[in-house]
Amino acid sequence: MRFSVVIPAHNGELYLRFAIESVLNQTRKADEIIIIDDASTDKTADIIQSIESRERVKYIVNEESTGFVDAWNRAIEKASGDFVVILHQDDLLCPEYLYHIEKAIENYPEVRHLYSGCNYINELGDIIKSTPQPHSVEPKLCSGKEYAKNYLNGVITNQHIHRCPGVTTNRKLLLDQCAYRKEAGHIADDDFFLRVGVFTNVIGISQPLASFRHHAESCTSKAESLTLNLAQDYIYQVKYYKENRTILDQDDSQKIKRQAVKFINLLLSQSLLYSRKDWTSTALSLRKELEEMSPFFMDQNMPFWTKIMWYLLESQNLNHRLPVLYVRTLNKLISIRNAYLRKSL
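The notes below deal with the structure included here. (Residues numbered from 1 in each chain as written. Predicted model: local features only at pLDDT ≥ 70, side-chain atom pairs only at ≥ 80, totals over all residues. Heavy atoms only, no water.)

1. Quick notes on the packing of helix α9 (residues 250-273) against helix α12 (residues 304-315)
For any two helices packed against each other, one specifies the inter-axial angle together with the distance between the axes.
Next, step 1: Running from N to C, α9 and α12 cross one another at 55°; their axes reach a closest spacing of 11 Å. Viewed along their axes, α9 and α12 adopt a mutual orientation that is oblique. By crossing handedness, the relation of α9 to α12 is classed as left-handed. Seen from α9, the contacting residues are Ile264, Asn265, Leu268, Ser269 and Leu272; seen from α12, they are Trp305, Thr306, Met309, Trp310 and Leu313.
Next, step 2: Residue classes in the contact of α9 with α12 are distributed as seven nonpolar, three polar and no charged. (Axes fitted to C-alpha atoms, helices over the stretch in contact; angles between N-to-C directions. Helix = DSSP H or I, 4+ residues; strand = E, 2+ residues; numbered from the N terminus. Parallel < 35°, antiparallel > 145°, perpendicular 65-115°, else oblique. Left-handed = near helix turned anticlockwise from the far one by under 90°. Contact = heavy atoms within 4.5 Å. Nonpolar A, V, L, I, M, F, W, Y, C, P; charged D, E, K, R; others polar.)

2. Some words on α9
Next, step 1: Compared with an ideal rise of 1.5 Å per residue, which puts 24 residues at 34 Å, α9 spans 35 Å between its outermost C-alpha atoms and is within 8% of the ideal.
Next, step 2: Counting buried positions along α9 yields 19 of 24 residues, so the element is predominantly enclosed.
Next, step 3: Structurally, the start of α9 carries an N-cap: the backbone nitrogen of aspartate 251 is 3.2 Å from a side-chain oxygen of aspartate 249.
Next, step 4: One or two positions beyond α9, positive phi appears at serine 275, with a value near 55°. (Expected span 1.5 Å × (residues − 1). Buried < 20%, exposed > 50% of the residue type's maximum accessible area, 1.4 Å probe, protein only. Polar contact = N/O pair within 3.5 Å; in protein donor to acceptor, adjacent residues only side chain to side chain.)

3. Side note on the nonpolar core
Next, step 1: Judged by nonpolar contacts, the single largest core of 66 residues is most densely connected at Tyr180, Phe193, Leu194, Ile256, Ile264, Leu290 and Trp310.
Next, step 2: In terms of residues, this core owes the most to one element, α9, which gives nine residues.
Next, step 3: Here tyrosine 180 is in contact with Val69, Trp72, Asn73, Ile76, Ile86, Leu174, Ala188, Asp189, Phe192, Phe193 and Arg195, once residues within four sequence places are set aside.
Next, step 4: Ranked by size, the runner-up nonpolar core spans 36 residues in total, among them Val23, Ile47, Ile51 and Val111. (Core = buried A, V, L, I, M, F, W, Y, C linked by side-chain atoms within 4.5 Å.)

4. Some thoughts on the packing of aromatic side chains
Next, step 1: Counting across every chain of the model gives eleven aromatic pairs.
Next, step 2: Ring centres of tryptophan 72 and tyrosine 180 lie 4.7 Å apart, and the angle between their planes is 70°; this geometry places the pair in the edge-to-face category. Pair noted here: tryptophan 72 is in helix α3 (residues 68-78) and tyrosine 180 is in the loop between α6 (171-176) and α7 (188-195), with a separation of 108 residues, a long-range link.
Next, step 3: Exposure remark for tyrosine 180: the relative accessible area of 6% places this residue in the buried category.
Next, step 4: Between tyrosine 147 and tyrosine 151, the ring centres sit 6.4 Å apart and the planes meet at 40°, which makes this aromatic pair tilted. Of this pair, tyrosine 147 and tyrosine 151 both sit in helix α5 (residues 144-157), four residues apart, which is roughly one turn of the helix.
Next, step 5: Aromatic ring contacts, followed pair by pair, group Phe68, Trp72, Tyr115, Tyr147, Tyr151, Tyr180, Phe192 and Phe193 into a single cluster. (Phe/Tyr/Trp six-rings, centres within 6.5 Å; stacked < 30°, edge-to-face > 60°.)

5. Things to note about the side chain of serine 294
Next, step 1: Tracing the chain through its elements places serine 294 in the loop between α10 (277-293) and α11 (297-300).
Next, step 2: Side-chain polar atoms of serine 294 contact the side chain of lysine 257, separated by 3.0 Å.

6. Some points on the packing of helix α1 (residues 16-24) against helix α2 (residues 44-51)
Next, step 1: Running from N to C, α1 and α2 cross one another at 25°; their axes reach a closest spacing of 10 Å. Considering the angle they form, α1 stands roughly parallel to α2. As α1 packs across α2, the resulting crossing turns out to be right-handed. Within the contact between the two elements, α1 uses Leu16, Arg17 and Ile20 and α2 uses Thr44, Ile47, Ile48, Ser50 and Ile51.

7. A word on the pairing of strand β6 (residues 113-121)
Next, step 1: Counted residue by residue, β6 has nine buried out of nine residues, so it is predominantly covered.
Next, step 2: Where β6 and strand β9 (residues 167-170) come together, three bridges link them in antiparallel fashion. Note that in β9 the partner of leucine 114 across the bridge is threonine 168.
Next, step 3: With nine bridges connecting them, β6 and strand β10 (residues 202-213) associate as parallel partners. The partner of histidine 113 across the bridge, within β10, is valine 202.
Next, step 4: Pairing between β6 and strand β7 (residues 127-130): three bridges, direction antiparallel. Looking at the pairing, isoleucine 121 lines up with isoleucine 127 of β7. (Pairing = 2+ DSSP bridges.)

Written as structure tokens, this is what we have:
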């Protein structure tokens, strides 16, 4: 079988070389490495060109940036392997990653989607967290439904069974049955992982064989309002699961709606804290959308502190003075509590 590792890059000069080297250093060599430069304006092109002559490396340039999901899909189209590994420009693969994935496919040739656990690393490459234990290199087979439920529960509890680095998928499945969707926004990877189990059983290797990097220059960290994006993205998910039958059950759909509630509430609080009336308007609009799809759901699933926030905003006829005072007081109290806890430790 053939493996294509694709690395979409946009202004990735800080960590791109490490990502590429982690692929070149695989004990089971990748059959091709495709690097797509999504209209970078830093030294990304210089880094890629410095290793372009290496065997199996292909360099593709997008003259205009069209976003990371388009870059993923374009790279998948250009790939020639039977299986595709997508690696972000700031993440890493362990040297034995492809070796263990290939062995798993040999044992379960009917499976078309596989993952491994991962470590979370900081700017220096130090491990700060790992996906849940126990860890083992033994591949474990599960149904697509079981995989989707486990992945969703990991998102909600912030104990992901895997992240985007460490995922391998059959290229034909990606092209013909289950592509990454740009309209899913910042959670296009989560959106894909919740849908792919419709088409295949899944193999999981719990041992961390990849690394997901946290750093201040990531696309997520630099988003003007990640909360705004996530609130909109989860409303998209609610619409999708309302209109389409999937392997997720009613309880899972409720969990996705609660995620939408969570980020709409957080968006409103941040809009008041930072005096962003445009965010306030968006929060109101998103709440209306959710209520039209699921009447009373938001009211029934809000923490008490957010009910007070909404009540103050609505009772003041959208005059922000009193709700702003309320949110800023809460934020100050939380800051004092956190400082006390840190001091106690």
